[in-house]
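# What the coordinates show
Here's the letter readout for the chains.
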Amino acid sequence: MPTNADLKKIANSFLPGILLASVLLAVKSYEWWTATSLTSWGLFPRTEHGLLGILTMPFLHGDWEHLLSNMVPLVILLAGMRYFYPTLALKVFAWVYLLSGFWLWLGGRPSYHVGASAVVYGLTVFLFFSGVFRKDTRLMAFSMLVVFLYGGLVWGLLPFLERISWEGHLFGSLAGLLMSIVYRKLGPQRPIYSWDITHDMEVEDGPDAYWRTIEEKVSDAKKDEQAGNEIDKLT
């Protein structure tokens, strides 16, 4: 039975995603209300003005369907990041955000790219591989949930549809994979249980440890003898 503290932690984990989703919704509502398009503020690869799109691209979407397809996953994924990786969430999000955009600017097709899907792919891949690398049942369970909910995203990595920025999906996924490798030893780790402890971990690193070779024991004995002689000379 979850405690009040657990429920509060879960509720708080959704706040960043809800805040970001509110901003995305406000931008799209402005476009709809003023009957304008902000696509020209998107990312256009290998152009000077397209550099700004690295920052603005995730806030712009082609239509309402495009917005909703990114907004809902973002809320869930950011909640998972905040709940399971509270000390890493902001760092990983920032790196995925910037790396996916920069790589897309370097290697994308010469067209305007808009949408937060690169970030969605990056966070999905990070959460999946982080759970696998840590071998923690809780994190792996969440990783499986991510794959179950967004497993179909793999089709977005293939250049089937011209209107989909599959390059952004690919670079976002690579950024998420890179972050899962870089931060694999930080954040929550799999707890060590009694049955995980081997005999080697219980033995002290002493001169008579069973795993030491005869040469090592002889060498240590000689060092001890020399040290004893030095003490005798001093006394």
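Model, not experiment: these values are computed from the prediction.

### Focus on the overall build of the protein
Per the secondary structure count, the protein includes 10 helices and 0 strands. Put simply, the protein runs from its N terminus to its C terminus through helices and strands in the order α-α-α-α-α-α-α-α-α-α. Per-residue burial over the protein gives 36% buried out of 235 residues. Partitioning the contacts of the protein with sequence separation of at least 6, the portion at a separation of at least 24 is 77%.

### Side note on the confidence of the model for the protein
Low pLDDT marks stretches whose predicted atomic positions should not be read closely. Scored by pLDDT, the protein comes out at a mean of 82, with 74% of its residues at no less than 70. Element-level mean pLDDT values for the protein span from 51 in helix H9 (residues 199-202) up to 96 in helix H3 (residues 53-56).

### Comments concerning unusual backbone geometry
If you check the backbone angles, Ala35 has positive phi at about 55° while not being a glycine. Following the sequence through the fold, Ala35 ends up in the loop between helix H2 (15-34) and H3. Even without being a glycine, Arg46 presents a positive backbone phi close to 60°. By the secondary structure assignment, Arg46 is in the loop between H2 and H3.

### A word on the packing of H2 against helix H4 (residues 64-84)
The N-to-C vectors of H2 and H4 enclose an angle of 165°; their axes lie 8 Å apart at closest approach. The orientation of H2 with respect to H4, classified from their angle, is roughly antiparallel. Both H2 and H4 take part in a crossing whose hand is right-handed. Along its contact with H2, which presents Pro16, Gly17, Ile18, Leu20, Ala21, Leu24, Leu25, Lys28, Ser29 and Trp32, the element H4 presents Trp64, Leu67, Met71, Leu74, Val75, Leu78 and Arg82. Considered class by class, the residues forming the contact of H2 with H4 number 13 nonpolar, 2 polar and 2 charged.

### Overview of the nonpolar core
Counting 31 residues, the largest nonpolar core has Leu74, Val92, Leu123 and Leu127 as the members making the most contacts within it. Elements with a contribution of two residues or more to this core: H2, H4, helix H5 (89-107), helix H6 (117-134), helix H7 (137-150) and helix H8 (166-182). Excluding residues that lie within four positions of it along the chain, Val92 makes contacts with Met81, Leu123, Phe126, Met179 and Tyr183. One finds Met57, Leu104, Trp105 and Phe171 within the second-largest nonpolar core, a separate group that totals 7 residues.

Criteria and thresholds
Residues numbered from 1 in each chain as written. Predicted model: local features only at pLDDT ≥ 70, side-chain atom pairs only at ≥ 80, totals over all residues. Heavy atoms only, no water. Helix = DSSP H or I, 4+ residues; strand = E, 2+ residues; numbered from the N terminus. Buried < 20%, exposed > 50% of the residue type's maximum accessible area, 1.4 Å probe, protein only. Contact = heavy atoms within 4.5 Å. pLDDT = per-residue confidence, 0-100. Axes fitted to C-alpha atoms, helices over the stretch in contact; angles between N-to-C directions. Parallel < 35°, antiparallel > 145°, perpendicular 65-115°, else oblique. Left-handed = near helix turned anticlockwise from the far one by under 90°. Nonpolar A, V, L, I, M, F, W, Y, C, P; charged D, E, K, R; others polar. Core = buried A, V, L, I, M, F, W, Y, C linked by side-chain atoms within 4.5 Å.

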